[in-house]
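Coordinates in review
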Amino acid sequence: MRAPPDHPRRRPARINDMTLVNFYRDLHAHPELSMQEHRTASKLAGQLRAAGMDTTEGIGGTGVAGILRNGDGPTVMLRADMDALPINEETGLPYASTVPGVMHACGHDLHITGLAGAVAVLAGARTEWSGTLLAVGQPGEETAQGAAAMLADGLFERFPRPDVILGQHVGPAPVSTVGHRAGLMMSAALDVEIRIFGQGGHGSMPETCVDPVVTAAYLVTRLQTVVSREIGAGEPAVLTVGRMHAGTRANVIPDEAVLTLNLRTQAQHVRDRILAAVRRIADAECAASGCPRPPRILISGDFPTLCNDEKTVARVRAAHREMFGPASVLDYPALMASEDFPRFGADGIPYAYWFLGATSLPVWDAAPGELPEEKLRGVPGNHTARFAPDMATVRTAVTALTVAARECLGAS
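Criteria and thresholds
Residues numbered from 1 in each chain as written. Predicted model: local features only at pLDDT ≥ 70, side-chain atom pairs only at ≥ 80, totals over all residues. Heavy atoms only, no water. Helix = DSSP H or I, 4+ residues; strand = E, 2+ residues; numbered from the N terminus. Rg over C-alpha atoms; globule rule 2.2 N^0.38 Å. Buried < 20%, exposed > 50% of the residue type's maximum accessible area, 1.4 Å probe, protein only. Contact = heavy atoms within 4.5 Å. Areas by Shrake-Rupley, 256 points an atom, 1.4 Å probe, with all protein chains shown as cover. Lys, Arg positive; Asp, Glu negative; His and termini not counted. Charge placed at Lys NZ, Arg CZ, Asp CG, Glu CD. Salt bridge = Lys/Arg side-chain N within 4 Å of Asp/Glu carboxyl O. Core = buried A, V, L, I, M, F, W, Y, C linked by side-chain atoms within 4.5 Å. Pairing = 2+ DSSP bridges. Axes fitted to C-alpha atoms, helices over the stretch in contact; angles between N-to-C directions. Left-handed = near helix turned anticlockwise from the far one by under 90°. Nonpolar A, V, L, I, M, F, W, Y, C, P; charged D, E, K, R; others polar. Parallel < 35°, antiparallel > 145°, perpendicular 65-115°, else oblique. Polar contact = N/O pair within 3.5 Å; in protein donor to acceptor, adjacent residues only side chain to side chain.

**Here's the deal with the overall build of the protein**
The helix and strand inventory of the protein stands at eleven helices and 16 strands. Its C-alpha radius of gyration of 23 Å places the protein within 12% of the 22 Å reference for a compact globule of 412 residues. The dimensions of the protein, computed from C-alpha atoms along their principal axes, are 80 × 45 × 40 Å. By the burial criterion, 52% of the 412 residues in the protein qualify as buried. Long-range contacts, defined as pairs at least 24 residues apart, comprise 80% of the intrachain contacts of the protein with a sequence gap of at least 6. For the protein, the computed accessible surface area is about 17500 Å², with 52% contributed by carbon and sulfur atoms. The average position of the 37 basic charges and that of the 44 acidic charges among the side chains of the protein differ by 3 Å.

**As for the pattern of salt bridges**
Side chains carrying opposite charge are able to pair once their charged atoms draw close together. Taken as a whole, this structure holds 13 salt bridges when the rule is applied. Between Arg406 and Glu128 there is a salt bridge, with the nearest N and O atoms lying 3.2 Å from each other. Of the two residues, Arg406 is situated in helix α11 (residues 393-408) and Glu128 in the loop between α3 (108-123) and β4 (131-138); the sequence distance between them amounts to 278 residues. Each member of the pair, Arg406 as well as Glu128, carries the same accessibility label: buried. Among the salt bridges present, the one from Arg317 reaches Asp331, with a minimum N-O distance of 3.7 Å. In this pair, Arg317 is assigned in helix α8 (residues 310-324) and Asp331 in strand β15 (residues 329-331), connecting sequence segments 14 residues apart. When salt bridges that share partners are traced, they join Arg79, Asp81, Glu339 and Asp340 into one network.

**As for the nonpolar core**
Residues Leu44, Leu78, Leu115, Val119, Leu133, Leu166 and Trp354 are the most contacted members of the largest nonpolar core, which totals 55 residues. Broken down by element, the residue count for this core peaks at nine residues, all from α3. Listed in part, the 26 residues of the second largest apolar core include Ala237, Ile274, Leu275 and Cys286.

**Focus: the sheet that holds strand β1 (residues 54-59)**
On the basis of which strands lie adjacent, the open sheet formed by eight strands has the order β1-β2-β4-β3-β5-β16-β6-β15 and mixed pairing. On the outer flanks of this sheet lie β1 and β15, each paired with one strand and no other. Neighbour-to-neighbour, the strand axes of this sheet turn through a mean angle of 25 degrees, independent of strand direction. Bridge count for strand β6 (residues 178-180) against β15 is three bridges, and the pairing is parallel.

**Side note on the packing of helix α1 (residues 17-29) against α3**
The interhelical angle for the contact between α1 and α3, taken along N-to-C directions, is 150 degrees, at an axis separation of 9 Å. Where α1 crosses over α3, the two elements pack in a sense that is right-handed. Taking contact as the criterion, the partners of Leu20, Phe23, Tyr24, Leu27 and His28 in α1 are, on α3, Asp109, Leu110, Ile112, Thr113, Ala116 and Gly117. Taken together, the residues of the contact of α1 with α3 sort by class into seven nonpolar, three polar and one charged.

**Examining the packing of α1 against helix α2 (residues 38-50)**
Where α1 contacts α2, the axes come no closer than 10 Å and their chain directions differ by 165 degrees. Taken together, the axes of α1 and α2 lie roughly antiparallel to each other. Here α1 runs over α2; the crossing is left-handed. Residues Phe23, Asp26 and Leu27 of α1 lie in contact with α2, whose contacting residues are Arg39, Thr40, Lys43, Leu44 and Gln47. Here the contact of α1 with α2 is composed, by residue class, of three nonpolar, two polar and three charged.

**Notes on the side chain of Arg79**
With respect to the element layout, Arg79 can be found in strand β3 (residues 75-81). At a separation of 3.2 Å, a polar atom in the side chain of Arg79 contacts the side chain of Asp340.

Shown next, in the form of structure tokens:
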């Protein structure tokens, strides 16, 4: 059903743009790594308190939660993640990171700004909705620690259990677009550390050593065959060796080498098969090299699949189409990216999660190719040193979250 012209959902969010832009720029300039978001959490808590929320800090470490009760109706949770990445910023922005080697390269500063702005808008329009608003600033999304830590610290015991959960993420797509998908939208992920034990020595005498660097090189190459030769073409999977570390000097053969892998899958049996292959190949390569010990394999960073509730997505998508226009609301494919956001809905709470385009139109139009998947190669994306969302995304982030919350809250 289309909303009438004077319905709150059809009206743009009332936003103090410069206040929120300055808030965003401040967050961007002062990024903090996972589970260390003390300043960021304090800044968000200040915004929530200013909007009239009863606000608690220190949940699960640095998590923040604010509650605003406004009569009878459903409890709607709005979530934003807060952590940055260990990347040295190369955007050249006047508000670039002031912390060497740390950057908001995944847009979480925009997520926080969107949450703060949406809460302010909703708090100022309480005659237009009823129910309970729960705003959550989550630490440690990049390491898959934060959602679990907040839940373990009693988030849904200390605050009302939500009836629906809403979240959003910026990414490399045309600015002011909103992307939805019902059902499976994001993949499961695991980090796998492989520690190879060699026997070090002088670089001039390799015959007296067992070189773990050579073993690691063979292992990296062989691991590339797992997805291409052991997983069916119809089963989405990605295996990335994201880190390789060994040694201290050119003329010293080290005792150890460490590889860190990232695995992404959409089905449990595929994950199990890849893990088994990784263990088999690591053991075999170390044995072939004559390593004095088998490799040590550690699993961490466990992200679940993100499967949006179909009914909730349908409602939110319709509300976004009413606000932004049909041409600006896109249907997204299932992505190999991952999130720990689904942890909040693990007990059957329905949720909707969508993407916001953050690439300026001149940059997007100038990228080579015609199809979106072609243009993605030519625009700075998440987790890169040049990721610089267009400032118009601030308004989109606030409006999209406000409109979705209004749709899910009760009518006044």
